[in-house]
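One letter stands for each residue in the lines below.
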Amino acid sequence: MSKFCRFPSLVLLVALLVAAGCAAPAPSREDDRILVVATTGMIGDSARRIAGEHAQVVTMMGPGIDPHLYKATQSDVANLTQADAILYNGLHLEGKMGDVLVKVARTRPVVAVSETVPEDALREPPAFAGQYDPHIWFDVSLWAQTLDPIVNVFAEIDPAHADEFRANAEAYRTELEELDAWVEQRIAEIPERRRVLITAHDAFGYFGLRYEIEVVGLQGISTLAEAGLQDMERVVAKVVDNGIKAIFVESSVPRRSIEAVQAAVRSHDREVVIGGELFSDAMGPDGTPEGTYPGMVRSNVETIVGALK
Ligand SMILES: [Zn+2]
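Residues numbered from 1 in each chain as written. Predicted model: local features only at pLDDT ≥ 70, side-chain atom pairs only at ≥ 80, totals over all residues.

How would you sum up the overall build of the protein chain? Please name residues and give values.
Helix and strand counts for the protein chain stand at 12 helices and eight strands. Sorting the 309 residues of the protein chain into buried and exposed places 45% on the buried side. Restricting to contacts in the protein chain with at least 6 residues of sequence separation, those with at least 24 account for 65%. (Helix = DSSP H or I, 4+ residues; strand = E, 2+ residues; numbered from the N terminus. Buried ≥ 20, exposed ≤ 12 C-beta atoms within 10 Å, placed from the backbone. Contact = placed C-beta atoms within 7 Å.)

Outline the sheet that holds strand β2 (residues 55–59), listing residues and values.
Pairing is parallel in the open sheet, where four strands are placed in the order β2-β1-β3-β4. Two strands bound the open sheet, and with one partner strand each, they are β2 and β4 (110–112). Adjacent strand axes in the sheet meet at a mean angle of 25°, parallel and antiparallel pairs treated alike. By the bridge criterion, five bridges tie strand β1 (residues 34–38) to β2 in an arrangement that is parallel. Directly across from Leu 35, in β2, lies its bridge partner Gln 56. Along the sheet face, helix α3 (residues 41–51) touches β1, β2 and β3 (85–88) and points at about 175° away from the line of β2. Those strands touched by helix α7 (residues 147–157) are β1, β3 and β4, and its axis lies near 175° from that of β3. (Pairing = 2+ DSSP bridges. Axes fitted to C-alpha atoms, helices over the stretch in contact; angles between N-to-C directions.)

An account of the nonpolar core is requested, with residue identities and associated values reported.
Within the largest apolar cluster, 82 residues are counted, with the highest numbers of intra-cluster contacts made by Val 36, Ala 47 and Leu 87. The dominant element in this core, judged by the number of residues it contributes, is helix α8 (residues 162–187), at seven residues. Shared between two domains, this core holds at least three residues of each, these being domain 1 (2–177) and domain 2 (184–308). Non-local contacts of Ala 47, meaning those with residues more than four positions away in its chain, are made with Val 36, Ala 38, Ala 55, Val 57, Leu 87 and Ile 150. (Core = buried A, V, L, I, M, F, W, Y, C linked by C-beta atoms within 7 Å. Domains from an automatic or database assignment.)

Describe α3, with residues and values.
The α-helix advances 3.6 residues per turn, and as a result positions three or four apart in sequence lie on the same side. Of all the 11 residues making up α3, 11 are buried; the element is thus mostly covered by neighbouring parts of the structure. Taken together, the buried positions of α3 are Gly 41, Met 42, Ile 43, Gly 44, Asp 45, Ser 46, Ala 47, Arg 48, Arg 49, Ile 50 and Ala 51. In this structure, the buried side of α3 is in contact with β1, β2, β3, α7, α8 and α12 (293–308). Looking one or two residues past α3, Gly 52 carries a phi angle of roughly 60°, positive in sign.

Can you explain unusual backbone geometry? Please cite residues and give values.
A positive phi is found at His 92, a non-glycine position, where the angle reads about 65°. Tracing the chain through its elements places His 92 in the loop between β3 and α5 (98–104). The backbone phi angle of Asp 269 is positive, close to 60°, even though this residue is not glycine. Relative to the helices and strands, Asp 269 is located in the loop between α11 (256–266) and β8 (273–278).

A description of the environment of Pro 294 should follow, citing residues and the corresponding values.
With respect to the secondary-structure elements, Pro 294 resides in helix α12. The sequence separation of Pro 294 and Met 283 amounts to 11 residues, and the corresponding C-alpha distance is 9.9 Å.

Can you break down helix α10 (residues 229–242) residue by residue, with the values?
Taking 1.5 Å as the rise per residue, α10 with 14 residues should run 20 Å; its terminal C-alpha atoms sit 20 Å apart, in good agreement. Regarding α10, the residues found buried are Val 235, Val 236 and Val 239. Projected down its long axis, α10 shows its buried positions confined to an angular sector of 100°, all on one face. Exposed side chains of α10 directed beyond 90 degrees from the buried face belong to Gln 230, Glu 233 and Asp 241. The inward-facing, buried residues of α10 contact β5 (196–201), β6 (214–219), β7 (246–250) and α11. One or two positions beyond α10, positive phi appears at Gly 243, with a value near 60°. (Expected span 1.5 Å × (residues − 1). Arc of directions from axis to C-beta.)

I'd love a proper account of the pairing of β2, names of residues and values included.
The buried fraction of β2 is high, at five of five residues. Here β2 shows no split at all, with Ala 55, Val 57 and Thr 59 on one side and Gln 56 and Val 58 on the other all buried. With α3 bridging β1 and the parallel β2, this β-α-β connection has right-handed handedness. (Right-handed = clockwise from strand over helix to strand, strands pointing away.)

Structure, rendered in structure tokens:
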């Protein structure tokens, strides 16, 4: 039954079937395009680029939202139960949404975009016992590998436009490859001894690996565990010992923990500035350059290079 509801060409039939309980009229569905729900902005951006004009993409987590802590709202659940496809990051990024995603997966395609990233490319930090680091979008070359699952599910639910989805994905992949090379080149401009990135939580591990910058996070891979006194001492020692000039706040994590590092460094008679705000687990507002994935990456890199160079 739900299969019928998926095809936009059958929208009139669907409308007739509403009375029969096939589908409730969706407040979120604006027209006969496929309706796609993405958890994070970065995934929503990929979906938009690949679908072009053929999908309405709803992103659940807007600017400043922390995906580790996010719980589906009532309107999210309404969107999820009407969507033609649901895209999520996986690797436990959406730590509080597991049950909801399992439930909706019974009636519609629910796709983890990380599923095509080879296991040997995934980080498995010791502090995050037995689980992979989910922040794969920080390595632009890895993120370019997450487009295929999106193309495949779109081609399945809207086969008439499959060729267009593939061509759009190819164009986006090329853009991402260029972006990857640009990031590498920009980070290499920071003198090697100053290439240390201190942030609120350990989101930048893939960034550090790919672009050769040491990464130190105050909190762990997930923001679920609060930073403890030991974490604070470890980070403050790093700043003081290495003479680090700047540390960074993140748009989706409260500033206070990084401000506490700054205060603790001052108590050692040293000065460290807050080098700016990085977009870690959420993009910037819609309609701004940082509201797109490539723009978010560029903004982060400019902020990091500007403060550390
Ligand atoms: Zn994170």
